[in-house]
2 protein chains.
Amino acid sequence: MAKGQIFYSENVKNSFNNYCLAEGIEEVIVICDVNTEKHCLTLFDDFRNIIVIPSGEINKDIDTYSFIIKNLIYLKANKSSLIVNLGGGVVSDIGGFAGSTYMRGIRFLNIPTTLLAMVDASIGGKTGVDFLLHKNYLGTFALPEMILIDPVFLKTLPKEELKSGIAEMIKTGVIANAELFEALNNGTEVEKLIHLTAQTKWEITERDLLDKHERQLLNFGHTIGHAFESYRLNIDQPIRHGLAIAKGMMAETRIAYALNMINENELNLIINCIAKRTEQTELSTEDIQAIAPLLKMDKKNLKEEINFSLPLGVGSGKVKVAVDLKQIQKILLNA
Amino acid sequence: MAKGQIFYSENVKNSFNNYCLAEGIEEVIVICDVNTEKHCLTLFDDFRNIIVIPSGEINKDIDTYSFIIKNLIYLKANKSSLIVNLGGGVVSDIGGFAGSTYMRGIRFLNIPTTLLAMVDASIGGKTGVDFLLHKNYLGTFALPEMILIDPVFLKTLPKEELKSGIAEMIKTGVIANAELFEALNNGTEVEKLIHLTAQTKWEITERDLLDKHERQLLNFGHTIGHAFESYRLNIDQPIRHGLAIAKGMMAETRIAYALNMINENELNLIINCIAKRTEQTELSTEDIQAIAPLLKMDKKNLKEEINFSLPLGVGSGKVKVAVDLKQIQKILLNA
């Protein structure tokens, strides 16, 4: 199968073993966090080489990266080894960065264990490490050998984590796939939703791996969402990525409305869907003021303006919409 | 001009300014070390944004990488910025790694200031950072926008540094270009030698950017050379990269002879050329014993055997020659 593709499995252990057999892989090194070590590793045969990292975005930093590299060296990982990133977005982001830079890149494969990772983070080869609270300021574009999705892991997740994943599903629907957005509103089963979202993400990614144009659509909600996520990390009240994105999407939907990119009906449809499915409220006045300095640091910005990907109706969008910080604040504070 | 290509200049300042004008580049950030800050930066117009790193391979580590990233953030580098790596191999290796991973990769350009960087390190998009004395264990394949070569910088170099560059020229001649090896032996002027070596390297690199096959030829001398370089760093007696490679090449030439890949005449021709032009002696018995454990860590190895690229006659070579550690020691100790 081509690099970066998604394999949907109903028996992750068998699928993984078959893959290793077919590819002649003998040396496997698993990277997981303390949660997936406890809840997900048990589904596999005994792995001999396991690197366990602390969980949470706060640990997606250069110290954890160094820790992984040190352990890859200790485990004698080389160019014939395969790294398996078993976990949520933090694990595939940092494990992918380690894999793509260790010895200038060895093979890695993602087995996402959170809904968010299944539909978004594990797909498309963006790896990332935060630096001094700057989200994903270090990273590479490097496709995993495969993404192996098995919904069995969803049973291990707390409800908040599921809502976090749903937020990224809504994002993909609003900005790129009207059918998916419709499915999210009519009670379609989760396996079908995962499939629809993951495929949409992969198709966009395949057309624009290096994130020059179309792929930027998937940043909807992320300009404000990332700033909010950094802010909450900053004040020691971390929020799950998807839940920050839910808040970000609500704010950015208001901006799209103010810019006449969506009508009032679409505004309500989108905001209600986000609020209902993720149980998030919109940003408070305090939040809006707190994130202003962080918006300026967003790495999507060129020059002084803030850069957005915004919906144009439901199911499509526009990238590189530059908006002045003052205007953003005016729109959000008056909403 | 296509990414990764070499531009030979006789006026580096004008060439650089013309490039920026043609490409519409406004934001330039220079990475240099304490030596090139002093001796090379003066040849340019005033740069506003300069990141000065400590010199030497010992500083090509993750701490210096973090330092560069921190300063890129401080200088508000973004996707429209251009990084200029002004220096020798250490600067282009670590500056390239920073450039290729900051925000998942921004543009960078190399202006090599040492002979070694002009003919080897700055060309071909291998970036690298050492990790716990493991040479280039972190890195990416990422082509610079351009390599701007002006021999004017050679005037700033100590003699040892020139010999270090000559070693990589000899390497390229022995393993890939008989005409170059001949030119090195008949007093051809240095500008011509630089041109011949740099072009040979770039042509090989272009055919095999990801170092899967032919490019590995350029590792001649580097299996033993890297081990020796690490060993000397380890005992606090660092040796210049090219001088370590000179010793590595002499040893690996002996291995090639023992494996009947070159005849006695070629053996003497190669060893004499290296000894004469770099003024290096062959490895001592003590050296050979000291590097054994380090040879096992070479990242070119697969499984237990040590992996070499060895000459096959003069001007061509063979990659992936696996030799047992015991056999290596026997050959070298009996030489």
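Note: the structure precedes this text.
Sequence order as written defines the numbering, with residues in each chain counted from 1. Both sets of labels track the order of writing: A upward for chains, 1 upward for ligands. Selection of residues for local features in this predicted model requires a pLDDT of at least 70, selection of side-chain atom pairs for listing and counting requires 80 or more, and totals for whole chains, interfaces and linings are taken over all residues. Computation of side-chain values covers all heavy atoms of the structure but excludes hydrogens and water.

(A) Spotlight on the pattern of salt bridges. Residue and element names in this part refer to chain A. For this analysis, a salt bridge means a side-chain nitrogen from Lys or Arg found within 4 Å of a carboxyl oxygen belonging to Asp or Glu. Applying the stated criterion to the full structure yields 34 salt bridges over all chains. One salt bridge connects E57 with K135, and the closest N-O pair in it is separated by 2.9 Å. With E57 in the loop between β3 (49-53) and α3 (62-74) and K135 in strand β7 (residues 134-138), this pair connects stretches of sequence that are 78 residues apart. Helix numbering and strand numbering both begin at the N terminus, where a helix is a DSSP run of H or I of at least 4 residues and a strand a DSSP run of E of at least 2.

(B) Structural view of the packing of helix α6 (residues 159-176) of chain A against helix α11 (residues 264-278) of chain A. Residue and element names in this part refer to chain A. Viewed as axis vectors pointing N to C, α6 and α11 meet at an angle of 160°, and their least axial separation amounts to 9 Å. In terms of axis orientation, α6 runs roughly antiparallel to α11. Viewed along their axes, α6 and α11 form a crossing whose handedness is right-handed. Residues K163, I166, A167, I170 and V174 of α6 pack against I270, C273, I274, R277 and T278 of α11. Classification used: nonpolar for Ala, Val, Leu, Ile, Met, Phe, Trp, Tyr, Cys and Pro, charged for Asp, Glu, Lys and Arg, polar for all others including Gly. A class-by-class count of the residues in the contact of α6 with α11 yields seven nonpolar, one polar and two charged. A fitted line through C-alpha atoms serves as each axis, taken over the contacting stretch for helices, and the angle formed by two N-to-C directions is quoted from 0 to 180°. Under this scheme an angle from 65 to 115 degrees is roughly perpendicular, one under 35 degrees roughly parallel, and one over 145 degrees roughly antiparallel; angles in between are oblique. Crossings are sorted by hand: turned counterclockwise from the far helix by less than a right angle, the near helix makes the crossing left-handed, and turned clockwise it makes it right-handed. Contacts between residues were defined by any pair of non-hydrogen atoms, one from each residue, lying within 4.5 Å.

(C) Representation of the interface of chain B and chain A in the model. Listed as interface residues are 32 residues of chain B and, on the opposing side, 32 residues of chain A. When two parts are put together, the accessible area they lose, computed with a 1.4 Å probe and summed over both, is reported as buried area. Between chain B and chain A, a total of about 2900 Å² is buried, with carbon and sulfur atoms accounting for 63% of that surface. For the chain B face of the interface with chain A, the top three residues by lost area are B:R104, B:Y137 and B:K299, together amounting to 25%. Here chain B and chain A share zero salt bridges between them. Any pair of N or O atoms that falls within 3.5 Å is considered a polar contact. Within protein, one atom must be able to donate a hydrogen and the other to accept it, and sequence-neighbouring residues count only if both atoms are side-chain atoms. For the pair chain B and chain A, the number of links is six residue pairs in polar contact (both at pLDDT 80 or more). Of all the secondary-structure elements, those providing two or more residues to the side of chain B that touches chain A are α3 (62-74), α4 (89-101) and β7 (134-138) of chain B. Residue contributions to the side of chain B that touches chain A peak at six residues, all from α3(B).

(D) Layout of the nonpolar core. Among the nonpolar cores identified, the biggest contains 84 residues, and A:F16, A:I111, A:I224 and A:I328 are the most heavily contacted of them. When residues of this core are assigned to their parent elements, the largest contribution, nine residues, is made by helix α10 (residues 241-258) of chain A. In this document the domain limits rely on a domain assignment from an automatic tool or a database. Two domains each donate at least three residues to this core, and these are domain 1 (6-156) and domain 2 (159-209 + 217-333) of chain A. Not counting the four nearest positions on each side in its chain, A:I328 is found in contact with A:I224, A:I255, A:L295, A:I306, A:F308 and A:V323. Core analysis: the second largest hydrophobic core is formed by 83 residues, B:V174, B:A183, B:W202 and B:A227 among them. Here the nonpolar core consists of buried residues drawn from Ala, Val, Leu, Ile, Met, Phe, Trp, Tyr and Cys, with membership extended through side-chain atoms lying within 4.5 Å. Partly exposed describes any residue whose relative accessible area lies between the buried limit of under 20% and the exposed limit of over 50%, with all areas from a 1.4 Å probe on protein chains only and scaled to the type maximum.

(E) A look at the pairing of β3(A). Residue and element names in this part refer to chain A. Only one face of β3 is covered, namely the face carrying N49, I51 and I53; the face carrying I50 and V52 is uncovered. Across five bridges, strand β2 (residues 28-33) lies against β3 in parallel orientation. Bridge pairing in β3 links I31 to I51. Whether a crossover is right-handed depends on one test, that the path from the first strand over the helix to the second runs clockwise when the strands point away from the viewer. With helix α2 (residues 34-39) bridging β2 and its parallel neighbour β3, the resulting β-α-β unit is right-handed. We treat two strands as partners when DSSP finds at least two bridges between them.

(F) Quick peek at the environment of B:S100. You can see B:S100 is positioned in helix α4. Those residues in contact with B:S100, other than ones at most four positions away along the chain, are A:G139, B:G105, B:F108, B:T127, B:T140 and B:A142.

(G) Representation of the relation of the copies chain B and chain A within the structure. Least-squares fitting of one copy onto the other uses the C-alpha atoms of those residues that reach a pLDDT of at least 70 in both copies. For the match of chain B to chain A, the screw axis carries a shift of 0.0 Å, the RMSD comes to 0.0 Å, and the turn is 180°. Taken together, the rotation angle and the small translation identify this as a two-fold axis. Interface residue correspondence from chain B to chain A reaches 100%, placing this contact among same-surface, isologous pairings.

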